[in-house]
There are 2 protein chains.
Amino acid sequence: MATAQSKTKYVYFFGNGKAEGRGAWKDLLGGKGAGLAEMTNAGVPVPPGFTITTEACNKFYENGKKVPGGLDAEVRENLARVEAAVGRGFGDPEKPLLVSVRSGAKFSMPGMMDTVLNLGLNDRTVAGLARMTGNERFAWDAYRRFIQMFGSVVLGIEKSAFEEKLSALKAGRHAKLDTDLSADDLKELVKTYKALVREKTGREFPAEPAVQLEMSRDAVFNSWHNPRAVTYRRLNDIPANLGTAVNVQAMVFGNLGETSATGVGFTRNPSTGEKEFYGEYLTNAQGEDVVAGIRTPRPIATLGQEMPEVFKQLSEITTRLEKHYRDVQDFEFTVQEGRLYMLQTRTGKRTARAAVKIATDMVTEGLITKEEAILRVEPNQLDQFLHPILDPRANVNVIATGLPASPGAASGRIVFTPEDAVIRGAVEKVVLVRNETCPDDIHGMDAAQGILTARGGMTSHAAVVARGMGKCCVVGCEEIQINEEARLFRVNGHEVKEGDSITLDGSTGRVILGEVPTIEAALSEEYEVFMKWVDEARRLKVRANADVPRDARAARRFGAEGIGLCRTEHMFFAEDRLPIVQQMILAVDTSSRVAALNKLLPMQREDFVGLFREMAGYPVTIRLLDPPLHEFLPKREELMTEIAVLKVTGRDSREILSKEALLNRVESLHEFNPMLGHRGCRLGIVYPEITRMQVTAIIEAACQLDKEGIRVVPEIMIPLVGHVNELKNQKALVDETAGEVMKRTGVTVEYLVGTMIELPRAAVTADQIAEEAEFFSFGTNDLTQTTFGFSRDDAGKFIRHYIQHGILEKDPFQVLDREGVGQLVAMGVEKGRKTRPKLKVGICGEHGGEPSSVEFCHGVGLDYVSCSPYRVPIARVAAAQASIREKGKAAGSDQR
Amino acid sequence: MATAQSKTKYVYFFGNGKAEGRGAWKDLLGGKGAGLAEMTNAGVPVPPGFTITTEACNKFYENGKKVPGGLDAEVRENLARVEAAVGRGFGDPEKPLLVSVRSGAKFSMPGMMDTVLNLGLNDRTVAGLARMTGNERFAWDAYRRFIQMFGSVVLGIEKSAFEEKLSALKAGRHAKLDTDLSADDLKELVKTYKALVREKTGREFPAEPAVQLEMSRDAVFNSWHNPRAVTYRRLNDIPANLGTAVNVQAMVFGNLGETSATGVGFTRNPSTGEKEFYGEYLTNAQGEDVVAGIRTPRPIATLGQEMPEVFKQLSEITTRLEKHYRDVQDFEFTVQEGRLYMLQTRTGKRTARAAVKIATDMVTEGLITKEEAILRVEPNQLDQFLHPILDPRANVNVIATGLPASPGAASGRIVFTPEDAVIRGAVEKVVLVRNETCPDDIHGMDAAQGILTARGGMTSHAAVVARGMGKCCVVGCEEIQINEEARLFRVNGHEVKEGDSITLDGSTGRVILGEVPTIEAALSEEYEVFMKWVDEARRLKVRANADVPRDARAARRFGAEGIGLCRTEHMFFAEDRLPIVQQMILAVDTSSRVAALNKLLPMQREDFVGLFREMAGYPVTIRLLDPPLHEFLPKREELMTEIAVLKVTGRDSREILSKEALLNRVESLHEFNPMLGHRGCRLGIVYPEITRMQVTAIIEAACQLDKEGIRVVPEIMIPLVGHVNELKNQKALVDETAGEVMKRTGVTVEYLVGTMIELPRAAVTADQIAEEAEFFSFGTNDLTQTTFGFSRDDAGKFIRHYIQHGILEKDPFQVLDREGVGQLVAMGVEKGRKTRPKLKVGICGEHGGEPSSVEFCHGVGLDYVSCSPYRVPIARVAAAQASIREKGKAAGSDQR
């Protein structure tokens with residue numbers, strides 16, 4: 001038998017209880033193909049078929065969209081095996097074999113890529129299908145569905161063009177539902193559709209099944225790069241170079257009457273994690289009808305009453321599959337005339353709450369180890385735990401209730417289209433209200449706080465995607481009647497318009513008028529257990545970036561082990577301080593600057609006392625003043641405009657003069673590129689009195705707490721050092737000032753002096769800088785800015801373009817760029833430790849709370865990461881996962 | 001005998017025909033001390049004395065301004081040797097030994113540090129001096145001079161305080177000249193001076209010679225860090241950590257009557273390089289009188305008539321010294337009652353023209369090798385050759401003529417103080433007019449285009465410093481009468497005021513009213529010979545940065561071997577193009593953008609045709625559009641102001657609307673940090689039509705010239721690449737476009753596609769980038785910006801502060817920072833060549849024309865440097881020197 005490593009084998013067969021592929025070969029066969037192989041080998045009833053590998057997809061792109069040589073022959077050969085297995089012939093007018101053609105990448109991308117069903121039909125085979133099933137209407141319905149799907153997916157004709165023809169026919173026949181159309185009506189519709197294809201493409205609809213198959217295969221390959229797939233990959237951190245497999249499988253039909261059905265389900269509740277058989281189905285329906293959310297399906301328990309034998313078999317199979325895969329399974333099945341077929345099984349997506357519950361339960365059940373449990377939870381999901389929930393004491397005006405598809409609470413202004421969600425969502429919170437969602441809506445769902453749909457069940461597109469995003473979602477709220485054109489919905493006598501505020505409760509399904517106050521969610525017991533395991537598994541410490549006592553308290557609650565970055569300038573912007581800060585800046589000489597600073601001193605000291613108190617026993621890193629001074633002054637262009645207006649309106653010249661004097665000072669501080677200007681340690685060097693005031697406040701605060709018996713070790717951090725001499729200068733000043741304070745107060749406190757490494761020059765000369773620095777903290781925001789030459793304030797626009805066009809895989813401000821910035825970080829750590837082997841090294845950029853970046857930090861040997869308080873749990877899990885992966889202890893693989 | 005390496009020996013004796021030091025020990029003894037030792041050993045008559053080493057100076061600073069232990073004893077011991085040599089005693093009331101105390105660093109810093117003469121005088125020794133010399137007036141004059149000098153140099157009392165007392169006395173005595181004062185008058189003056197010292201310092205003037213010596217020694221050490229020394233070092237690239245030696249030497253007196261004299265000279269003309277004995281002297285004067293430029297001295301030839309024996313001896317000695325040192329000597333001598341003493345010899349500073357002439361002459365004379373000749377010329381001086389001279393056809397209004405102290409031509413507005421020169425010089429060209437200059441004036445001289453003095457000779461301070469700076473200078477123009485207070489000078493009936501324009505001709509000494517047109521200077525024959533040697537010696541190619549044919553022509557004239565950087569945006573700013581460029585930017589869609597670009601295309605093509613024609617046979621690197629687009633639009637704040645004013649004045653609302661529309665577009669392009677914004681390749685990626693237009697223009701131009709038989713290989717350079725994918729994207733576009741043009745024109749031309757390496761990320765991922773790039777050009781301006789995080793537009797202020805405070809040694813935008821930026825350059829070269837061993841690598845930042853940076857580029861193995869046309873000769877010499885130094889071929893050392 002050929003192995004997965006074979007260079008030439010592009011097609012893997014499954015059927016008759018045996019598959020050439022394996023469940024582990026997701027890279028090659030995609031998730032769906034691997035699942036089908038695994039199920040087949042496990043004796044699960046699966047319609048026979050074959051998988052064209054992701055390798056063939058990648059070759060397809062390499063060869064300028066041509067499939068590799070030999071593939072066609074392999075497909076023909078495997079098609080013959082499928083024909084043999086089901087006893088039907090592809091294109092055979094008597095007993096026609098119909099197949100589905102589905103995409104299937106390594107990681108599940110629900111609905112993102114294209115699928116063609118009922119392939120193999122043409123004017124001859126449709127007759128055979130009618131005879132074989134004894135159901136002419138079914139056969140012609142399948143045929144028209146096929147043309148419609150093939151037309152839109154493969155030929156690129158707008159879906160609405162087909163819908164219009166269908167509606168026109170229905171109107172002509174006075175038919176309300178599709179099912180009101182007769183076989184003859186459908187025959188006429190097929191003619192109309194074929195004419196439409198001819199008109200739109202200038203060609204006949206391809207009648208030859210082999211040609212249909214080739215074209216569909218290529219369409220699936222092409223769909224790997226369609227915009228919604230690209231967006232989905234970006235949102236879910238899926239690499240663009242994996243490619244998709246193509247699964248060709250004998251069709252089974254859930255729409256052959258009341259003994260046929262189709263459904264989807266989960267082995268455990270993907271919203272809560274409860275161990276319960278969970279799913280939905282529709283009788284007499286084709287597979288896509290359930291997932292698309294067009295009809296609201298019945299809960300799976302009902303199947304136990306309607307088809308008890310099938311239900312029992314399904315329960316047994318899915319329980320076996322969960323044990324086999326040692327994880328929750330998300331499955332699809334079809335019942336054709338009483339016979340059960342499994343069409344797909346894959347790892348089930350789940351909410352954070354469910355992920356933690358399932359992981360801890362499975363450890364208890366002995367199914368997985370603690371390490372595996374830790375790897376099962378996507379770190380980024382964790383902040384769902386910390387999201388606020390509705391305040392139970394609030395008075396609420398519940399206008400409707402739907403299905404609680406994804407928990408949490410969301411308030412926002414109503415929008416009715418994904419485009420509006422994106423536009424309005426950029427400036428305020430929005431809730432997206434739709435009849436149902438489809439894969440094209442993904443950007444709008446991403447932009448919204450929450451999603452409400454009128455149709456669809458717990459496994460509808462909206463529900464699945466929202467759970468994956470950790471977004472609050474209520475589905476199947478059939479009471480509401482949406483009028484998209486009029487931009488409103490009606491429900492129980494209310495008319496709710498675009499721009500009105502509503503609140504969704506994703507845990508109960510309640511839809512509430514107006515905005516409801518929220519409170520912090522209590523952390524579940526499973527969460528506490530899980531995080532204890534996490535903390536045992538990690539080596540990296542996790543600190544928080546916090547500027548004020550309130551943030552410090554939150555950080556402690558989320559498990560921060562100190563403050564990695566306190567930005568002192570945030571204290572300068574406080575309303576009562578800004579005027580004093582401005583006095584300081586506008587001072588004409590050192591003595592008046594010192595006078596203003598002396599007014600700030602007691603305020604700064606109190607800030608630090610508060611922080612230190614919250615962080616008693618933990619380290620607190622305080623960064624000295626960093627931003628350019630003009631940030632504290634009125635805007636230059638506003639002053640210019642005011643003065644110009646005052647002048648033409650002939651106002652009081654004293655007012656003009658005083659504004660002009662202010663403008664002069666603002667002008668003298670104006671910079672073309674403030675990010676590269678007079679900021680960071682450059683301030684403390686030119687105005688040493690600022691450093692002196694801040695250090696005095698820090699050390700006085702530490703001395704005061706020392707007297708109270710609270711021990712703190714402030715880590716004084718000098719920002720934006722590029723040359724060791726800058727640090728030498730400021731360190732001398734810090735030491736001198738600290739010495740004076742300690743002498744004056746009679747208390748001796750320990751403190752460290754270190755620096756941010758946030759300029760490329762600091763990284764490449766880290767050996768020199770470590771001569772002076774007692775610790776390093778990588779400021780990867782600024783380091784990314786200067787390494788790429790990207791201004792964070794300005795680069796958004798072209799970074800988006802870059803990601804859309806595959807120039808950058810990810811936004812380097814979100815995910816640390818390992819190849820470039822990471823190289824400088826690694827160099828900084830290595831050089832710094834060469835000079836000072838015990839150098840304490842951390843990171844305090846946004847990356848400190850991003851899982852892939854945390855993994856990198858673990859890898860290069862940092863001592864800690866620091867991130868915003870709400871990201872602390874994420875960083876803790878990411879650090880534990882990095883540690884576990886490094887040790888190679890985990891037998892399982894991570895879940896997406 | 002102790003060696004220079006000895007750790008404890010701080011004092012080196014010279015006298016009686018033998019010295020402990022050596023001429024080569026400039027590091028340890030300073031230039032002056034080494035010269036005195038060398039002269040003593042060579043049997044030249046030198047008054048005995050000793051040198052306290054630079055090591056002692058550095059220890060002094062290390063120990064918090066305390067001299068190292070043991071030094072005092074060594075000084076006492078050596079003082080005794082001096083006493084023995086001259087037969088007089090330090091502090092001896094009968095036969096008092098007087099000494100001079102002078103600074104002397106490794107590199108000559110004329111007048112920058114402090115000197116004390118006549119040290120050893122007090123109320124008792126002054127009487128002995130009077131008896132010994134039989135000249136009471138002389139003795140008291142020496143005493144009052146000593147108090148005055150010691151008072152200002154050591155005690156820090158303003159010179160003017162002494163001058164005032166002297167003037168008051170003269171007024172009281174109705175004396176016009178100092179010499180009109182009698183011995184008794186001077187005795188009274190000494191009393192007045194001592195009272196002044198008491199009043200200013202609260203202490204008695206130190207009477208004890210040993211104390212005088214200690215204090216003077218420390219003052220000399222301290223003078224190493226005085227502001228003018230710091231400025232001088234910065235301007236002349238002298239490291240701050242060398243320290244100065246202190247030379248203590250028995251006084252000889254040139255002011256003991258008409259058989260005494262003092263003078264300075266050069267063995268060759270330092271202005272023209274002619275081989276002629278060149279110098280000046282004053283009879284009955286003390287040494288400082290000549291150099292200070294207070295009295296205009298007589299030419300040295302006159303000494304041949306006045307003191308023929310002395311003149312003969314002097315000629316012989318100095319000729320011998322030039323041979324000995326194998327370089328032009330700048331010497332000082334004193335004649336005391338008919339006896340010649342040499343006080344100093346050192347390498348003579350010279351103009352570029354003189355440097356080249358002397359170097360080539362000395363090769364002809366067999367004194368030095370070609371390699372040494374190349375090392376003798378300071379590359380930076382060379383641009384003096386290229387400085388324009390006055391157009392001989394111009395009508396000129398000569399109002400006076402002085403001495404042609406430093407050649408060239410200078411026009412500018414008159415200023416009378418160095419402070420005004422700095423302030424006014426920042427905005428327009430100025431000429432500094434002074435009675436004489438002193439070391440305190442150096443910042444003003446630096447800021448001026450030219451210097452005119454009313455007094456002083458060819459070796460006066462103004463003359464020496466101006467020659468060193470390569471600045472046009474006319475001295476000793478005694479016809480002009482300066483009234484500094486009224487800010488004017490009168491000359492031959494003209495009254496010339498501050499702010500009036502004058503022109504100096506430094507080659508003839510003419511002072512001309514108004515501004516005179518200039519022409520390019522012809523390059524001398526010696527220059528051509530010298531540059532031929534230079535080109536033979538260098539490995540690095542030298543190209544020029546040139547955007548238009550005129551610059552390209554100049555570049556060729558100065559020896560450029562191609563264009564290393566053509567900035568295409570400079571073409572966009574042309575008056576006839578800017579409106580079209582604005583149309584392009586304001587275009588609402590791609591097709592209207594393309595329409596505007598199509599109008600630019602023929603213009604760009606003509607630009608390139610012109611450039612290629614000038615550079616026939618040489619490579620031309622063309623950088624695609626680089627600056628952010630808003631640079632081409634009106635300023636945001638101006639529009640805002642205009643609109644606000646239009647609104648309050650109730651103007652035509654259509655005008656407001658159109659301005660607002662423009663403002664909207666400007667706002668949408670506005671960036672907080674444009675340097676890190678949407679520029680460079682980011683433009684061509686988001687607007688591929690811009691790249692397409694520029695490449696079309698380049699390739700069409702190349703094809704057109706190819707038809708004329710002119711072969712060019714355009715090197716198309718993609719700016720600001722940080723990620724290989726950016727280059728991949730643009731390269732594909734370039735290749736596609738070039739292919740289309742060549743197909744259309746039927747001509748095939750060769751071209752290269754490469755990139756700037758100007759972002760840290762590009763340097764650290766150069767191995768990846770070299771997969772795509774056929775050449776690299778280091779854009780060290782931008783690379784310095786991002787590596788340091790310094791905006792070139794904004795950082796000037798704090799960089800100045802940094803240099804003044806020793807945080808940075810040099811401005812990294814002027815001299816390539818080897819430790820930081822240089823490390824990235826080296827990494828980029830190494831990684832790039834690892835991927836593509838034959839990668840062509842150059843540099844096109846400002847550093848490409850700066851000698852130390854060129855040396856670095858040679859060292860890291862670049863193929864070429866590119867700089868502004870006028871710096872091409874400098875780069876050629878610097879490249880040759882780097883090559884010679886590397887080979888270690890040169891036996892001599894470089895001259896400063």
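Predicted model only: the values in this text are computed from it and were never measured.

This part takes up unusual backbone geometry. Residues and elements named next belong to chain A. Although it is not a glycine, Asn 16 sits at a positive phi angle of roughly 55°. Summarising the element assignment, Asn 16 is placed in the loop between strand 1 (11-15) and strand 2 (18-19). Positive phi, normally seen in glycine, also occurs at Glu 337, with a value near 45°. Relative to the assigned elements, Glu 337 resides in the loop between strand 10 (329-336) and strand 11 (339-347).

Turning our eyes to something else, we now look at the sheet that holds strand 15 (residues 409-415) of chain A. Sheet strands line up and pair through hydrogen bonds in the backbone, either parallel or antiparallel. Residues and elements named next belong to chain A. If you walk across this open sheet you meet the eight strands as 13-23-22-15-16-17-18-14, and the pairing is mixed. Only two strands of the sheet have a single neighbouring strand rather than two, namely strand 13 (397-401) and strand 14 (403-406). Averaged over neighbouring strand pairs, the angle between their axes works out to 30° when direction is ignored. With three bridges connecting them, strand 15 and strand 16 (residues 430-434) associate as parallel partners. Its bridge partner being in strand 16, Val 415 is matched across the sheet by Leu 432.

So, on to the interface of chain B and chain A. Size of an interface: often given as the accessible area lost when the parts come together. The interface of chain B with chain A comprises 55 residues on the first partner and 55 residues on the second. Of the roughly 4,700 Å² buried between chain B and chain A, counting both surfaces, carbon and sulfur atoms make up 58%. Summed over the shared surface of chain B and chain A, the number is six salt bridges. For the pair chain B and chain A, the number of links is 32 residue pairs in polar contact (both at pLDDT 80 or more).

Another point: the state of the cysteines. All names here are of chain B. According to the stated counting rule, one finds zero disulfides over all chains in the structure shown. We note that Cys 473 lacks a disulfide partner, and the nearest cysteine sulfur, in Cys 472, lies 7.3 Å from it. Considering cysteine sulfurs only, Cys 566 is the nearest to Cys 703, which forms no disulfide, with 17 Å between them. When its relative accessible area of 1% is taken as the criterion, Cys 703 is described as buried.

Before going further, it helps to spend a moment on the nonpolar core. Of all hydrophobic cores here, the largest spans 332 residues; its most connected members are Phe 612 and Ile 699 of chain A together with Phe 612 and Ile 699 of chain B. Residues within four places of Ile 699 of chain B in sequence aside, it is in contact with Ile 716, Ala 738, Val 741, Met 742, Val 749 and Tyr 751 of chain B.

With that out of the way, let us pick up the confidence of the model for chain A. Low-pLDDT stretches of the model should not have their predicted coordinates read in fine detail. Residue and element names in this part refer to chain A. Mean pLDDT over chain A works out to 90, with 97% of the residues at or above the 70 mark. In the predicted structure, residues 1-6 sits below a pLDDT of 50 and forms eight contacts with residues beyond four places in sequence or in another chain. Note on residues 889-896: pLDDT under 50 across the span, and 22 contacts to partners over four residues away in sequence or across chains. Complex prediction metrics read pTM 0.79 and ipTM 0.79.

Note on strand geometry: in a regular strand, side chains alternate between the two faces of the sheet. All names here are of chain A. Residues Gly 450 and Leu 452 point to one face of strand 17 (residues 450-453) and Ile 451 and Thr 453 to the other, with burial holding for every one of them. Looking at chain direction, strand 16 and strand 17 are connected through four bridges and run parallel. Each bridged residue has a counterpart across the sheet, and for Arg 434 the counterpart in strand 17 is Thr 453. In this view, the connection linking strand 16 to its parallel neighbour strand 17 by way of helix 17 (residues 442-447) has right-handed handedness.

Below, the discussion takes up the sheet that holds strand 13 (residues 397-401) of chain B. All names here are of chain B. With mixed pairing, the eight strands of this open sheet are ordered in space as 13-23-22-15-16-17-18-14. Every other strand in the sheet has two partners, leaving strand 13 and strand 14 (403-406) as the edge strands with one partner each. Pairs of neighbouring strands in the sheet enclose a mean axial angle of 30°, with direction left out of account. Contacts from helix 16 (residues 418-425) reach strand 15 (409-415) and strand 16 (430-434) within the one sheet, and its direction differs from that of strand 16 by about 175°.

Before going further, it helps to spend a moment on the packing of helix 22 (residues 578-586) of chain A against helix 23 (residues 590-614) of chain A. Residues and elements named next belong to chain A. The N-to-C vectors of helix 22 and helix 23 enclose an angle of 150°; their axes lie 8 Å apart at closest approach. Put simply, helix 22 runs roughly antiparallel to helix 23. The hand of the helix 22/helix 23 crossing is left-handed. Within the contact between the two elements, helix 22 uses Ile 580, Val 581, Gln 583 and Met 584 and helix 23 uses Arg 593, Ala 596, Leu 597, Lys 599, Leu 600 and Met 603. Residues that form the contact of helix 22 with helix 23 fall into these classes: seven nonpolar, one polar and two charged.

Turning chain B through 179° and shifting it by 0.2 Å along the axis lays it on chain A, with an RMSD of 0.3 Å. The two molecules are tied by a two-fold rotation axis, judged by turn and shift. With an isologous cut-off of 70% or more, the 100% of interface residues of chain B that recur at the interface of chain A puts this contact in the isologous class.

Looking now at the pattern of salt bridges. Throughout the structure, instances matching the rule amount to 128 salt bridges over all chains. A salt bridge links Lys 840 of chain A to Glu 715 of chain A; its shortest N-O distance comes to 2.6 Å. Here the residue Lys 840 of chain A occupies a position in strand 31 (residues 840-843), and Glu 715 of chain A occupies one in strand 28 (residues 714-718), the gap between them amounting to 125 residues. Using a relative accessible area of 27% as the deciding quantity, one classes Lys 840 of chain A as partly exposed. Accessibility expressed as a relative area gives 1% for Glu 715 of chain A, which makes it buried. The closest approach of N and O atoms between Asp 327 of chain B and Arg 350 of chain B, which form a salt bridge, is 3.0 Å. Taken together, the residues Asp 327 of chain B in the loop between helix 12 (308-325) and strand 10 (329-336) and Arg 350 of chain B in the loop between strand 11 (339-347) and helix 13 (352-364) connect sequence positions 23 residues apart. Using a relative accessible area of 4% as the deciding quantity, one classes Asp 327 of chain B as buried.

Let us now look at the side chain of Asn 122 of chain A. Residue and element names in this part refer to chain A. Along the polypeptide, Asn 122 turns up in the loop between strand 5 (115-119) and helix 4 (125-133). A distance of 3.0 Å separates a polar side-chain atom of Asn 122 from the backbone nitrogen of Arg 124. From its side chain, Asn 122 meets the backbone oxygen of Ala 207 in a polar contact 2.8 Å long. In contact with Asn 122, other than residues within four places in its own chain, are Tyr 143, Ala 207 and Pro 209.

Before going further, it helps to examine the packing of helix 3 (residues 71-86) of chain A against helix 8 (residues 209-223) of chain A. Residue and element names in this part refer to chain A. The geometry of helix 3 relative to helix 8 is characterised by a closest axis approach of 12 Å and an angle of 120° between their N-to-C directions. Judged on the interaxial angle alone, helix 8 and helix 3 are oblique. Along this stretch, helix 3 crosses helix 8, giving a crossing that reads as right-handed. Residue-level contacts link Leu 71, Asp 72, Val 75 and Leu 79 of helix 3 to Leu 213, Glu 214 and Arg 217 of helix 8. Looking at the contact of helix 3 with helix 8, its residues break down into four nonpolar, no polar and three charged.

Residue and element names in this part refer to chain B. Summarising the element assignment, Thr 437 is placed in the loop between strand 16 and helix 17 (442-447). Residue classification places Thr 437 among the buried residues on the basis of a relative accessible area of 3%. A distance of 3.1 Å separates a polar side-chain atom of Thr 437 from the backbone nitrogen of Ala 462.

What follows deals with the packing of aromatic side chains. Two measures describe an aromatic ring pair: the distance that separates the ring centres and the angle between the ring planes. Tallying each qualifying case throughout the model produces 46 aromatic pairs over all chains. Between Phe 162 of chain A and Tyr 193 of chain A, the aromatic rings sit 4.9 Å apart at their centres with planes inclined by 80°, giving edge-to-face as the arrangement. Within this pair, whereas Phe 162 of chain A is found in helix 6 (residues 159-172), its partner Tyr 193 of chain A is found in helix 7 (residues 183-201), the two being separated by 31 residues in sequence. In terms of burial, Phe 162 of chain A and Tyr 193 of chain A fall into one category: buried. Arranged with centres 5.1 Å apart and planes meeting at 45°, the rings of Phe 60 of chain B and Phe 221 of chain B form a pair that is tilted. With Phe 60 of chain B in helix 2 (residues 54-62) and Phe 221 of chain B in helix 8 (residues 209-223), this residue pair connects regions lying 161 residues apart in the sequence. The two residues Phe 60 of chain B and Phe 221 of chain B agree in class, both being buried.

Residues and elements named next belong to chain A. The end-to-end C-alpha distance of helix 25 (residues 653-669), which contains 17 residues, comes to 24 Å, matching closely the 24 Å that a straight helix rising 1.5 Å per residue would cover. Of the residues making up helix 25, those classed as buried are Ile 656, Leu 663, Val 666 and Leu 669. All buried residues of helix 25 lie within an arc of 135° about the axis, which places them on one face of the element. Counted as exposed and oriented over 90 degrees from the buried face of helix 25: Arg 654, Leu 657 and Asn 664. In this structure, the buried side of helix 25 is in contact with helix 22 and helix 24 (636-648).

All names here are of chain A. Along helix 22, the residues classified as buried are Ile 580, Val 581, Met 584 and Ile 585. The buried residues of helix 22 occupy an angular sector of 140° when the element is viewed end-on, so they sit on one face. Tucked into the core, helix 22 has its buried residues touching helix 21 (569-572), helix 23, helix 25 and helix 27 (688-707).

Here is what the cut-offs are and how they apply
Here the residue numbering is sequential within each chain, running from 1 through the sequence in written order. Labels are handed out in written order, letters beginning with A for the chains and numbers beginning with 1 for the ligands. Selection of residues for local features in this predicted model requires a pLDDT of at least 70, selection of side-chain atom pairs for listing and counting requires 80 or more, and totals for whole chains, interfaces and linings are taken over all residues. With hydrogens and water excluded, all non-hydrogen atoms of the structure serve as input to the side-chain values. Strands here mean DSSP runs of E at least two residues long; helices mean DSSP runs of H or I at least four residues long; both are numbered from the N terminus. Here the rule is simple: two strands pair whenever DSSP picks up at least two bridges between them. To obtain an axis, a line is fitted to C-alpha atoms, over the contacting stretch when the element is a helix, and the angle between two such axes runs from 0 to 180 degrees between their N-to-C directions. Working rule for contacts: check all heavy atoms of both residues, and any pair within 4.5 Å makes them a contact. Here's the idea: put two parts together, see how much 1.4 Å probe accessible area each one loses, and the total over both is what we call buried area. Every case where a carboxyl oxygen of Asp or Glu lies within 4 Å of a side-chain nitrogen of Lys or Arg is listed as a salt bridge. Think of a polar contact as two N or O atoms within 3.5 Å of one another; within protein, one of them needs to be a possible hydrogen donor and the other a possible acceptor, and neighboring residues in sequence only count if both atoms come from side chains. Note on terminology: pairs of cysteine sulfur atoms within 2.5 Å are recorded as disulfides. Think of it in three bands: with a 1.4 Å probe and only protein chains considered, a residue is buried below 20% of the maximum accessible area for its type, exposed above 50%, and partly exposed in between. Put simply, buried Ala, Val, Leu, Ile, Met, Phe, Trp, Tyr and Cys residues joined by side-chain atoms within 4.5 Å make one nonpolar core. The pLDDT score gives, residue by residue, the confidence of the prediction method on a 0 to 100 scale. Look down the strands so they point away from you; if the path from the first strand over the helix to the second goes clockwise, the crossover is right-handed. Should an angle lie under 35 degrees it is considered roughly parallel, over 145 roughly antiparallel, and from 65 to 115 roughly perpendicular; all remaining angles are considered oblique. A clockwise turn of the near helix away from the far one marks a right-handed crossing, whereas an anticlockwise turn of less than a right angle marks a left-handed crossing. Note on residue classes: Ala, Val, Leu, Ile, Met, Phe, Trp, Tyr, Cys and Pro are nonpolar, Asp, Glu, Lys and Arg are charged, and everything else, Gly too, is polar. Superposition of the copies used a least-squares fit over C-alpha atoms from residues whose pLDDT is at least 70 in both. Two rings from Phe, Tyr or Trp (for Trp, the six-membered ring) form a pair when their centres are within 6.5 Å of each other. A pair whose planes differ by under 30 degrees is stacked, one over 60 is edge-to-face, and the rest are tilted. To estimate the expected span of a helix, count its residues, drop one, and scale the result by 1.5 Å. What the arc measures is the spread of directions leading from the helix axis to the C-beta atoms.

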